Amino acid sequence: MNDTDDLASVLAGARLMPVLTVASTATASPLADALVAGGARCAEVTFRTPQAEQVLRAIAKHGGLTVGAGTVLTPEQAERAVAAGARFVVCPGFDAEVVAMCRKLGVPVVPGVATATELMTALRAGIDTVKLFPAEPLGGLPTLRALAAPFPQARFVPTGGIGADLMAGYLAEPAVLAVGGSWMVTSAHLKRGDYEGIRRLTAEAAERSTP
Ligand code: 3PG
């Protein structure tokens, strides 16, 4: 995948972006099995744990998911993430150096935006798929609609505070490609090794995400 159009079609096909914060490499394989069994097609491994790189590498090798890196804050992290197998890079905000590194590496980047100014910055950088973050604390659907209105070319992956109950409302918006969230894979699930719970929540979400 080397351009944002490809990423947009992956996201539009997947509709769901499970956000994974994983502290143990041993978890990667059963977690990927559970996500695939639940019908997820892509996932984001956040760079919030020291093991993120190894977890990303293991999930990328496992197959069955288009896996990207999340919470990427620096160009160096983007480089490491791509070397570990990330097919795309997600950031909580917009950082021109991270965007430049992703361009250099030939991977699509999805910057976070929370304001019209940030969205204009992303669009002027040639990026029209953005993460609305943190979607619910920013005001949820009314905010998304108001922000999307002046920018018909923008496509959103709202993330932050979204759960099973709210996802369908977001997905009904034409400007929304996919919704992201950690509700399908919580630290509690991972702590107790509850892969069946992860599979079930993912399957329920996948079911709700199909029109
Ligand atoms: C992210 O990194 O995208 C968010 O922290 C996920 O948000 P959530 O935990 O509220 O779903």
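Analysis parameters
Residues numbered from 1 in each chain as written. Predicted model: local features only at pLDDT ≥ 70, side-chain atom pairs only at ≥ 80, totals over all residues. Heavy atoms only, no water. Helix = DSSP H or I, 4+ residues; strand = E, 2+ residues; numbered from the N terminus. Rg over C-alpha atoms; globule rule 2.2 N^0.38 Å. Areas by Shrake-Rupley, 256 points an atom, 1.4 Å probe, with all protein chains shown as cover. Lys, Arg positive; Asp, Glu negative; His and termini not counted. Charge placed at Lys NZ, Arg CZ, Asp CG, Glu CD. Phe/Tyr/Trp six-rings, centres within 6.5 Å; stacked < 30°, edge-to-face > 60°. Lys NZ or Arg CZ within 6 Å of the ring centre and 35° of its normal. Near = heavy atom within 4 Å. Polar contact = N/O pair within 3.5 Å; in protein donor to acceptor, adjacent residues only side chain to side chain. Nonpolar A, V, L, I, M, F, W, Y, C, P; charged D, E, K, R; others polar. Axes fitted to C-alpha atoms, helices over the stretch in contact; angles between N-to-C directions. Parallel < 35°, antiparallel > 145°, perpendicular 65-115°, else oblique. Left-handed = near helix turned anticlockwise from the far one by under 90°. Contact = heavy atoms within 4.5 Å. Patch = residues over 30% accessible without salt bridge, like charges linked within 9 Å, V, L, I, M, F, W, Y side chains within 5 Å. Salt bridge = Lys/Arg side-chain N within 4 Å of Asp/Glu carboxyl O. Buried < 20%, exposed > 50% of the residue type's maximum accessible area, 1.4 Å probe, protein only. Arc of directions from axis to C-beta.

Enquirer: Give me the lowdown on the overall build of the protein, citing residues and values where you can.
Expert: Within the protein, the secondary structure is distributed over ten helices and nine strands. Over its C-alpha trace the protein gives a radius of gyration of 16 Å, about what one expects of a compact globule, namely 17 Å for 211 residues. Oriented by its inertia axes, the alpha-carbon framework of the protein measures out at about 45 × 35 × 25 Å. A total of about 8,900 Å² of accessible surface is found on the protein, and carbon and sulfur atoms cover 54% of it. For the protein, the separation between the mean place of its 18 positive charges and that of its 19 negative charges on side chains is 2 Å.

Enquirer: Any chance you could break down the packing of aromatic side chains for me, citing the residues and the numbers?
Expert: Tallying each qualifying case throughout the model produces zero aromatic pairs. Lying across the ring of phenylalanine 133, lysine 131 places its NZ or CZ 4.7 Å from the centre.

Enquirer: Give me the site of the ligand: which residues, what numbers.
Expert: In the neighbourhood of the ligand, the contacting residues comprise Val19, Arg48, Lys131, Phe133, Thr159, Gly160, Gly161, Gly181 and Ser182. Here an oxygen atom of the ligand and a side-chain polar atom of arginine 48 are 2.3 Å apart. The backbone of glycine 161 places a nitrogen or oxygen atom 2.7 Å from an oxygen atom of the ligand. Here the shell around the ligand is built from residues that sort into two nonpolar, five polar and two charged.

Enquirer: Report on the packing of helix 2 (residues 28–38) against helix 3 (residues 52–62), specifying residues and quantitative values.
Expert: Packing of helix 2 against helix 3 leaves a shortest axis separation of 9 Å and a crossing angle of 50°. Relative to helix 3, helix 2 is oriented oblique. The two elements helix 2 and helix 3 meet at a crossing, and its hand is right-handed. Residues Ala28, Ser29, Ala32 and Asp33 of helix 2 form the contact with helix 3, whose own contacting residues are Val55, Ala58, Ile59 and His62. Of the residues that constitute the contact of helix 2 with helix 3, the class distribution is five nonpolar, two polar and one charged.

Enquirer: Lay out the side chain of threonine 27 in plain terms, naming residues and giving numbers.
Expert: Structurally, threonine 27 can be placed in the loop between strand 1 (16–20) and helix 2. Apart from the residues lying within four places of it in its own chain, the contact partners of threonine 27 are Val22, Leu190 and Tyr195.

Enquirer: How would you explain a negative patch on the surface if you had to name every residue and give the values?
Expert: Together, Glu76, Glu79, Asp95 and Glu97 line one region of the surface with negative charge. Here glutamate 79 is to be found in helix 4 (residues 75–83).

Enquirer: With reference to specific residues and values, describe helix 4.
Expert: Taken residue by residue, helix 4 has Pro75, Gln77, Ala78 and Ala81 as its buried positions. One side of helix 4 carries all its buried residues, which in axial view fall inside an arc of 155°. Buried residues in helix 4 make contact with helix 3, strand 3 (66–70) and helix 5 (96–105). Positive backbone phi, at 115°, marks glycine 85, one or two positions downstream of helix 4.

Enquirer: Run through helix 8 (residues 164–171), naming residues and quoting values.
Expert: Where helix 8 is concerned, the buried positions are Met167, Tyr170 and Leu171. Here the buried residues of helix 8 occupy an arc of 90° about the axis, which is enough to place them on one side. The secondary structure elements touched by the buried residues of helix 8 are strand 1, helix 7 (140–148), strand 9 (179–181) and helix 10 (195–209).

Enquirer: Explain the environment of glycine 161 residue by residue, including any values.
Expert: Here glycine 161 lies in the loop between strand 8 (155–156) and helix 8. The spatial distance from the C-alpha of glycine 161 to the C-alpha of threonine 186 is 13 Å, given a sequence separation of 25 residues. Among residues more than four places away in sequence, those in contact with glycine 161 are Glu136 and Leu166.

Enquirer: Help me get a handle on the packing of helix 8 against helix 10, residues and values and all.
Expert: Helix 10 packs onto helix 8 with a crossing angle of 25° between their chain directions and a minimal axis gap of 9 Å. On the basis of the axis angle, helix 8 is roughly parallel to helix 10. Considering only the axes of helix 8 and helix 10, their crossing is right-handed. Residues Ala164, Asp165, Met167, Ala168 and Leu171 of helix 8 form the contact with helix 10, whose own contacting residues are Ala205, Arg208 and Ser209. Grouping the constituent residues of the contact of helix 8 with helix 10 by class yields five nonpolar, one polar and two charged.

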